[in-house]
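One letter stands for each residue in the lines below.
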Amino acid sequence: QVQLVESGGGLVQAGGSLRLSCAASGSMCTFNSMGWYRQAPGKERELVARITRSGSTNYPDSLKGRFTISRDNAKNTVYLQMNSLKPEDTGVYYCNYQCYGSGRNYWGQGTQVTVSS
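What comes next is a walk through the structure. Throughout, a residue's number is its position along its own chain's written sequence, starting from 1. A pLDDT threshold of at least 70 governs which residues receive local features in this predicted model, and a stricter bar of 80 or more applies before side-chain atom pairs are shown or counted, although totals over entire chains, interfaces and linings include all residues. Heavy atoms throughout the structure, all of them, feed into the side-chain values; hydrogens and water do not.

Quick look at the pairing of strand 5 (residues 46-52) now. As judged from the six bridges shared by strand 4 (residues 31-39) and strand 5, these two strands associate in the antiparallel manner. By the bridge assignment for strand 5, arginine 38 is matched with glutamate 46. Between strand 4 and strand 5, which pair antiparallel and follow one another directly, the connecting turn spans six residues, one of which, glycine 42, has a positive phi of 80°. Pairing between strands is defined by DSSP: at least two bridges between them are needed. Note on conventions: DSSP H or I runs of at least 4 residues are helices, E runs of at least 2 residues are strands, and numbering of each starts at the N terminus. Strand direction decides the pairing type here: strand 5 and strand 6 (residues 57-58), joined by two bridges, are antiparallel. In the sheet register, isoleucine 51 faces strand 6, and the bridge partner there is threonine 57. Here strand 5 folds back onto strand 6, and the loop between the two strands holds four residues, one of which, glycine 55, carries a positive phi near 95°.

Turning next to the pattern of salt bridges. By salt bridge we mean one thing: a side-chain nitrogen of Lys or Arg within 4 Å of a carboxyl oxygen of Asp or Glu. What the rule picks out here adds up to four salt bridges. Here aspartate 61 and lysine 64 are joined by a salt bridge, their closest N and O atoms 3.1 Å apart. Of the charged contacts in the structure, one is a salt bridge between aspartate 89 and arginine 66, with a shortest N-O distance of 2.8 Å. In this pair, aspartate 89 sits in the loop between strand 8 (77-82) and strand 9 (91-99) while arginine 66 sits in the loop between strand 6 and strand 7 (67-72), placing the two residues 23 residues apart along the sequence. The same class applies to aspartate 89 as to arginine 66, namely buried. In this structure, a network of salt bridges that share partners links the residues Arg38, Glu46, Arg66 and Asp89. Partly exposed residues are those whose accessible area sits between 20% and 50% of the maximum for their type, while under 20% is buried and over 50% is exposed, using a 1.4 Å probe and protein chains only.

Interpretation in functional terms is not warranted from these geometric data alone.
Okay, structure coming up:
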């Protein structure tokens, strides 16, 4: 089992920045990718950013240039730097860990991000 612990959420004014962290631990399968997803009230969970074992990253076009995902392999931790935040970025942000081979997914408990206008 992979345990994911997220931190860094909170309340910020529009235009501000936040950095989320997600630390993976436990009986870890080989890492295939880690990522961040978010879910706003009444909406489906959507991909925010993802980083693969090769180090490649991908983002939805709407978030490119504002959000940056990175990973510290030694700490098994992934970060999400969010800049120029907008009220529509408000939601619960979930960390995801995907296993290599099986494709099994693990999820964190979520961290709330609220951007006030």
